[in-house]
Amino acid sequence: MIKIVNLKKSYFVNKKENVVLNNISLNLNDVGLVYILGASGSGKSTLLNILEGIDNKFEGEVYIDSKNIKKIKGNNKRKFFKNNVGIISQSSNLFEYLTVYQNLLLTCLIKGVNKSVIDEYLIKYKLDYVKNNKVSLLSGGEKQRLSLIRAIINKPKIIFSDEPTGALDKENASLLMEELYEISKSTLVIVVTHSLSIVNTFKGSVIKLCNGNISFKENLTINNNYKIIKKEEKEEDYSNLFIKESFKRNKSKNIITTISLFIGLLLIFLCFGLNEGFNSNFDNLYLNNINSNVLKIYKNDYEDINNGKLNVVKKTRPSIDNVNTFLSSFSNLNTYYNLDFYIQNKEIKINNVESKEYNLKFYFLDSNENNLYINDINKVNIESLSISINKSFTFYEPNLNIKSDEFFTFECTYYKFNIIKEFKYLNEPTIYFPYFYFLNYLENTLAKGISEKISKPVSFLDLVYLCSVDSEISSYSLYFSIDKKDIKSIRVLMNKINESNKPLYKIDSEYYFVVDSFIALMQALVLGIKMFMIVVVLCNLFLICFLTFSKLKKDKKEIAILRILGSNEEYINNIYINEGVIIYIISLSLSLLFYFLLRGLINKKLYDFFVIFNLIDISNNNFLLIISLSFVLIILSYICLLSFSKKFNIKEELKEE
Ligand code: ADP
Ligand code: MG
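Residues numbered from 1 in each chain as written. Chains lettered and ligands numbered in written order. Predicted model: local features only at pLDDT ≥ 70, side-chain atom pairs only at ≥ 80, totals over all residues. Heavy atoms only, no water.

Let us now look at the nonpolar core. Counting residues in each nonpolar core, the largest one holds 161 residues, and the members touching the most others are Tyr-238, Tyr-342 and Phe-438. No other element matches helix H9 (residues 251-287), which puts 12 residues into this core. Setting aside anything within four residues of it in sequence, one finds Tyr-238 in contact with Leu-106, Leu-109, Ile-110, Leu-562, Ser-567, Asn-568, Tyr-571, Ile-572 and Ile-575. With 31 residues, the next largest nonpolar core counts Ile-64, Ile-158, Phe-160 and Ile-190 among its residues. (Core = buried A, V, L, I, M, F, W, Y, C linked by side-chain atoms within 4.5 Å. Buried < 20%, exposed > 50% of the residue type's maximum accessible area, 1.4 Å probe, protein only. Helix = DSSP H or I, 4+ residues; strand = E, 2+ residues; numbered from the N terminus. Contact = heavy atoms within 4.5 Å.)

See the structure below:
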């Protein structure tokens, strides 16, 4: 069965060669019990490691079943040893936190054995009464019997056993040896031992190692028939056996990973939400603004002083015709007189209490004249809001040579349901009330002084037409509105006019200024948040990698046991990836839950504060993108770390103390 030719094995410690096995040649029978004896340090374990396929660094040849074990590689090697070799070690190398049954089930799945045989073995080796106990609760003898079942359950051709009785009392030792002796009738059983009483009780061949050589052989009958290598069995994934216990074992690491991933994902959702919601709200910020399609236009009159060396610009009110011609590129242009002069002396009462902080401005929507807009609604619970304007002034128009004293009182009251919130950012507390309502009032109210003087009814609105463009009433400006709210063309127009040299007209819009600065602020904020998001992602990845790495390091021995049982690497990886997936799903669900809660809350606060709708919002596509990307990233980092676990040295991990 086993043929060893000129086997030489040395260790190099501090560049000094220590020859442990020196040109050993040996032939072993297909069946039977073979003892390997020798003083401590004589190379027994070293020899066994080579025969078990764990140690590949040796000179000479080793054939098992006529196969040169140096020449079988990778998956073939794993399957070869898995199917043909069983190993029992001194310290049983069992999964202490799994039950007896689970340990065997795991072995069956790895070795492709039908699990129905487990119970037979448990009864035969008197372990059925502890079937569902955790291995950590078993006695030394029970553990070794379990270890024995694990080694023989797929009926391998060879059993290697390195001091299997080393940790047992006499009674248990001889019980175990009885079983091995029984098995050796149909299998090659190689036992490393110190106990001469065992060697004398259970007769077998003996090989003694001394100074790297075989110093003594006994009963070594050679009868090689080269049994046919066992057919490959189907392997099955066992990783779910570990889920529960693995979670328990790595509780704090998993909790930290879950929390960190949860916070990370939540922040990413919020950042994305803010970025996306903000970008898509960009135009709405302008469009939803009450007067966003209304601009103020002045006319610049340039006066040359000092022979053209100095220019003085005088603002005057352009005529409506001028403006219409000038702005003819716009369709549906409406031009309005600026009536600011008439609303200077206002008194505002909120819930019947005078309030001085508010500005009064017009809005120009022709529908909805019954509404009042206010950009500061949170401060007070407004039940009613009344505006009264007492205007008295002296109308003087030198061209017409008319001077008269005029006076009017305008009053209006609005109630809760007609008071609407308006975007608030830098603009001072303002109440916007309907231009046309007031225009109508001016049109229908007589300026008594002048009417009497010229014996003709003249309304306050007429005074605006009558006055010259640079008089106080004219307010030096006109308003014009564009029916269609078209941010782009308004912007183009504003830039074109304002940037030309010596412009004849000047256009400005308080709303654009306010919204522009708001957008600039938000963009800076979003940029900051994006940077923060990158930091969060990196920190998260680092933390997850670190914790997974330390988990792997802690599980070094378990991984080594699985490898020595012949497990497919994929299933070892699955243990950790399953865990990662569960952690990810929990974190994702938590973060989604909190995202939706926070989104609702923050959007409401932002609405209350700025009157912006859905500033945090993620499209379904981006949701999917974030989820799949983060999932792939997590799994990738797991896979990278798992590939690192291939460096673990099985021999070192399973070394007997
Ligand atoms: P034993 O017969 O007691 O099982 P071993 O086969 O474990 O002996 O070890 C044989 C010799 O090889 C010992 O002198 C030991 O110190 C040495 N040795 C074993 N493993 C290593 C190693 N990984 N590196 C260096 N020396 C080693
Ligand atoms: Mg040893």
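Near ligand 1, the surroundings consist of Tyr-11, Val-13, Val-20, Ala-39, Ser-40, Gly-41, Ser-42, Gly-43, Lys-44, Ser-45, Thr-46 and Glu-652. Tyr-11 places a polar side-chain atom, nitrogen or oxygen, 3.4 Å from a nitrogen atom of ligand 1. In this structure, Ser-42 approaches ligand 1 through a main-chain N or O atom, which is 3.3 Å from an oxygen atom. The protein chains hide 68% of the 560 Å² of surface that ligand 1 would expose on its own. (Near = heavy atom within 4 Å. Polar contact = N/O pair within 3.5 Å; in protein donor to acceptor, adjacent residues only side chain to side chain. Areas by Shrake-Rupley, 256 points an atom, 1.4 Å probe, with all protein chains shown as cover.)

Our focus in this paragraph is the pattern of salt bridges. Within the structure shown, the criterion is met by 22 salt bridges. Here Asp-608 and Lys-421 are joined by a salt bridge, their closest N and O atoms 3.4 Å apart. Pair noted here: Asp-608 is in helix H17 (residues 569-610) and Lys-421 is in strand S20 (residues 419-421), with a separation of 187 residues, a long-range link. A relative accessible area of 19% places Asp-608 in the buried class. In this structure, Asp-516 engages Arg-491 in a salt bridge whose closest nitrogen and oxygen atoms are separated by 2.4 Å. Placement of Asp-516 in helix H15 (residues 510-554) and of Arg-491 in helix H14 (residues 487-499) is noted, with a sequence separation of 25 residues between them. Via salt bridges that share partners, Lys-9, Asp-55 and Lys-651 belong to a single interconnected network. (Salt bridge = Lys/Arg side-chain N within 4 Å of Asp/Glu carboxyl O.)

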